[in-house]
Amino acid sequence: MTAVESYKRMWRIRLFEEVVDRLFGEGVLRGTSHLCVGQEATAVGTCAALRPDDYVTSTHRGHGHFLAKGGDPRRLMAELFGKATGYSRGRGGSQHMACFEIGFLGSNGITGGGIPVATGAALALQRRREERVVACFFGEGAANQGVFHESLNMAALWKLPAIYVCENNLYAMSTPVGGALAGPGVAARAAGYGVPGALVDGNDIFAVRAAASEAAARARCGEGPTLIECRTYRLLGHSRGDRRVYRTREEEAEWRARDPIPRLRDALLRSGEVTALEAERIREEVELEIRDAVAFARESPALPVEAALEGVYA
Amino acid sequence: MMEVAASEVRGAPEAAVPRAREVYFTEALQEALAEEMRRDPEVFLLGEDIGVYGGCFGVTRGLLAEFGPERVRDTPISEAALVGMAVGAAILGARPVVEVMFMDFVTLAMDQLVNHAAKFRYVYGEQARVPLVLRCPAGAGRAYGATHSQSLEAWFLHVPGLKVVAPATAADAKGLLKSAIRDDNPVIFIENKVLYQSRERIPEGEYAIPLGQARRVCEGGDVTLVAYSRMAREAERAAVLLAEEGVSAEVIDLRTLAPLDIGTVVESVAKTGRVVLVEEGTRTGGACAEIGVQIFEHAWDSLDAPIRRVTTPDIPIPFAPELEAAVIPAAADIAAAARALVET
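Residues numbered from 1 in each chain as written. Chains lettered and ligands numbered in written order. Predicted model: local features only at pLDDT ≥ 70, side-chain atom pairs only at ≥ 80, totals over all residues. Heavy atoms only, no water.

**Student:** Give a description of the interface of chain A and chain B that names residues and reports values.
**Tutor:** Taken together, the contacts link 44 residues of chain A with 45 residues of chain B. For the pair chain A and chain B, the summed buried area comes to about 3500 Å², and 60% of that belongs to carbon and sulfur atoms. With a shortest N-O distance of 3.0 Å, B:E42 and A:R128 are connected by a salt bridge. The tally of links from chain A across to chain B stands at 20 residue pairs in polar contact (both at pLDDT 80 or more). Listing elements by their share of the side of chain A that touches chain B, those giving two or more residues are α5 (114-127) and α6 (146-157) of chain A. With 11 residues, α5(A) is the single largest residue contributor to the side of chain A that touches chain B. Split by residue class, the side of chain A that touches chain B holds 23 nonpolar, 14 polar and seven charged. (Contact = heavy atoms within 4.5 Å. Buried area = accessible area lost by both parts, 1.4 Å probe. Salt bridge = Lys/Arg side-chain N within 4 Å of Asp/Glu carboxyl O. Polar contact = N/O pair within 3.5 Å; in protein donor to acceptor, adjacent residues only side chain to side chain. Helix = DSSP H or I, 4+ residues; strand = E, 2+ residues; numbered from the N terminus. Nonpolar A, V, L, I, M, F, W, Y, C, P; charged D, E, K, R; others polar.)

Here it is in structure tokens:
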């Protein structure tokens, strides 16, 4: 994925999430949604290091990962609207969306739930001697789940082709990382499994991509998993209704100043890969795309009520 | 490959089975695993001490030598991730068979079973198939105490998306395990530990028994005894006891609890008008509670007497062998319940 394409995908995620936030505010969308505004570089940086036929597992905060892996914003939006054209035909919703065809093995409503699933997918690939890898996204909160330890232990033991990408956005809902995570950090835990651990600036897409590329290369040649901790920040609340009483507006402003999208834009302008006008045009294109996604979702048919009873068993 | 009709694999009379040979229940399971592994390279085994050791109960003994450590994979003691990994491998087309050393340990993997294995197909809009089998050595009778003796199948009946299989005979163990492995859904496969030691005749060659078909063990007109797994054998013995008293009992071995062959049960109850439901699990919220209500829903007007349940009482399984034996249902308890019904 080129840097320019990465830039476009980051805007796609940003504008998608902002529209979702607005639609929730207007009462158009129901249920709940966990938005990743501010974390776009971890999703896109990681996927930029993958091949199209590699796999990704995601979290409850999964729209960004899905779009970064190449998900169609129309079908994502349709899922949030609960429509038949959504990726899960309206049965899954925000936290339960997948597209196996593009290697997106699903967002996941259970904190840490995707970690062993990713590990098992990596085992399946290894058994077939395939040179494909699985990138497993999770938050720093999930690093305290038992399956984190169990999975990393087995992945390291068997040298599975997995990349564990921890998005440390400093808060597990309201709990600050310092109040929940013992030791020097998530990446440092890699040493316990004898695998490389990398701590990177999660708002610097180049840093994320470099770490993920190295990890993917290792995984592909049978050297096993890598644990990458991306320090980042979600600029919006945990979910709808979060008044963010556990952090200060000053802290938020500091992180807004480190917004990964303008950072990439500046880098692209400096390198001459885009002009300011082209950069603006990319954003406008994405804006139209997202507007189209909302229209598509609005106009799409709902699944007939009877279909709620189908699809439980294969 | 043939599918064996229910009549051909009845536990008794054994003379009715044409070509057959005698094996232990564990060997029947092992044959099913080996045959399916030979047939399909995507089938592989995951579990604790299943390799060199051959599994805690010897079910996988010898498989390492034939299939190697990649297909008979010993794992760390990590039930949650183990089951989660099976889910991840399954959605990419593998067919993992996981051995949970004791069914009691399934508690450690509940999230992966309930929230992942059972739901992926539905919530991902039918993109996913999750063909995995969780083999669960279950039940009491060996004085292993409260955390190594439970029959927890009722929990899984409450989870749409799972199938639950519980064979009572070696012949069924083989045929049902083969079907479970070929099934595209997650299957909880319950192996009663006391049955492991039974040596029985099974049909020669390869055969599979479809999931969701109960087995009429013996015919009778006075009362129906419905059971599964080890309790189907106790019910069979109870029928013998009852016959000595002139009571004719029909025994139905459910074989699978999900899907449940309620049709066969209802058909029998329509004939006898009386039913005793038997399970090794504890009473409240047990499998029999569900089966009883379904009988009532489908055939309340056939009932000449109240439905009776014979179960383990609502207690942890005690260690002392005498206490354990006293609380686990046995043929005499089942016969007593049936007798009481026939007398009403």
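Let us keep going from here.
**Student:** Can you tell me about the nonpolar core, naming the residues and giving the values?
**Tutor:** Most often, soluble globular proteins keep nonpolar side chains buried together rather than apart. One finds A:F138, A:F148, A:Y164, B:M103, B:L134, B:I188 and B:I295 to be the most contacted residues of the largest nonpolar core, which totals 128 residues. Among the elements that make up this core, the one with the highest residue count is helix α3 (residues 79-91) of chain B (nine residues). Two domains share this core, each providing at least three of its residues, namely domain 1 (19-208) and domain 2 (215-343) of chain B. B:I188 has contacts with B:M103, B:L113, B:L134, B:C136, B:F156, B:L162, B:K163, B:V164 and B:V165, leaving out every residue within four places of it along the chain. (Core = buried A, V, L, I, M, F, W, Y, C linked by side-chain atoms within 4.5 Å. Buried < 20%, exposed > 50% of the residue type's maximum accessible area, 1.4 Å probe, protein only. Domains from an automatic or database assignment.)

**Student:** Account for the pattern of salt bridges, with residues named and values stated.
**Tutor:** A pair can form between side chains of opposite charge whenever their charged atoms are brought close. Tallying each qualifying case throughout the model produces 57 salt bridges over all chains. Across the salt bridge formed by A:R258 and A:E254, the nearest N and O atoms sit 3.9 Å from each other. Owing to a relative accessible area of 34%, A:R258 belongs among the partly exposed residues under this scheme. Between B:E66 and B:R38 there is a salt bridge, and its shortest N-O distance comes to 2.7 Å. Here B:E66, found in helix α2 (residues 63-67), pairs with B:R38, found in helix α1 (residues 25-39); they are 28 residues apart in sequence, far enough to count as distant. Salt bridges sharing partners connect three or more residues here, namely B:R21, B:E31, B:E35, B:E36, B:R39, B:K174, B:K178, B:R182, B:E204 and B:E206.

**Student:** Residue-level account of the pairing of strand β7 (residues 226-231) of chain A, with values.
**Tutor:** All names here are of chain A. Most of β7 sits out of view: five of its six residues are buried. One ladder, built from six bridges, connects strand β3 (residues 162-168) with β7; its direction is parallel. Bridge assignment links Y164 to a residue of β7, and that residue is L227. Tracing the backbone out of strand β6 (residues 197-201), into helix α8 (residues 205-220) and back to the parallel element β7 gives a crossover that is right-handed. (Pairing = 2+ DSSP bridges. Right-handed = clockwise from strand over helix to strand, strands pointing away.)

**Student:** Residue-level account of the side chain of A:T119, with values.
**Tutor:** Relative to the helices and strands, A:T119 is located in helix α5. Engagement of the side chain of A:T119 in a polar contact is seen with the side chain of A:Y164, the distance being 2.7 Å. With residues up to four places along the chain from it excluded, the contact list for A:T119 reads A:S151, A:A155, A:L160, A:Y164 and B:M85.

**Student:** Go over unusual backbone geometry with me, naming the residues and quoting the values.
**Tutor:** A cis geometry characterises the amide bond from B:A258 onward to B:P259, with omega recorded as 0°. Within the fold, B:P259 resides in the loop between β14 (256-258) and α9 (262-272). In this structure, A:R244 is a non-glycine residue whose phi angle is positive, near 55°. Relative to the assigned elements, A:R244 resides in the loop between β7 and α9 (249-256).

**Student:** Tell me about the domain arrangement of chain B, and name the residues and values.
**Tutor:** The figure often quoted for interface size is the accessible area lost as the parts come together. Residues and elements named next belong to chain B. Examined at the domain level, chain B breaks down into domain 1 (19-208) and domain 2 (215-343). Roughly 2000 Å² is buried in total at the junction of domain 1 and domain 2, and carbon and sulfur atoms are behind 59% of that figure. In terms of surface lost to domain 2, no three residues of domain 1 exceed A143, L157 and A166, which account for 22% of the buried area on that side. Remark: the boundary between domain 1 and domain 2 carries three salt bridges. Note that R233 is salt-bridged to E200, the shortest N-O span being 2.5 Å. For the pair domain 1 and domain 2, the interface holds 15 residue pairs in polar contact (both at pLDDT 80 or more). Its residues placed into classes, the side of domain 1 that touches domain 2 shows 15 nonpolar, seven polar and five charged.

**Student:** So what's going on with the packing of aromatic side chains? Which residues, and what values?
**Tutor:** Under the defined criterion, the tally for this structure stands at 14 aromatic pairs over all chains. Look at A:Y233 and A:W255: their rings are 5.1 Å apart centre to centre, the planes differ by 5°, and that puts the pair in the stacked class. Of this pair, A:Y233 sits in the loop between β7 and α9 while A:W255 sits in helix α9, placing them 22 residues apart in sequence. Of the two residues, A:Y233 and A:W255, both sit in the buried class. Taken together, the ring pairs in this structure connect B:F25, B:F57, B:F102, B:F105, B:Y144 and B:Y196 into an aromatic cluster. In this structure, B:R73 packs its charged tip against the face of A:W158, placed 4.5 Å from the ring centre. (Phe/Tyr/Trp six-rings, centres within 6.5 Å; stacked < 30°, edge-to-face > 60°. Lys NZ or Arg CZ within 6 Å of the ring centre and 35° of its normal.)

**Student:** So what's going on with the sheet that holds strand β16 (residues 308-312) of chain B? Residues and values would help.
**Tutor:** Backbone-to-backbone hydrogen bonds join strands into a sheet, with any given pair of strands oriented parallel or antiparallel. Residue and element names in this part refer to chain B. Reading across from one edge, β11-β13-β12-β15-β16 is the order of the five strands in this open sheet, with mixed pairing throughout. Lying at the two open borders of the sheet, with one neighbouring strand each, are β11 (215-218) and β16. Sheet twist, expressed as the mean angle between neighbouring strand axes with direction ignored, is 25°. Relative to strand β15 (residues 275-282), strand β12 (residues 223-227) runs parallel, the two sharing three bridges. Residue pairing across strands places V226 opposite L277, the latter belonging to β15. (Axes fitted to C-alpha atoms, helices over the stretch in contact; angles between N-to-C directions.)

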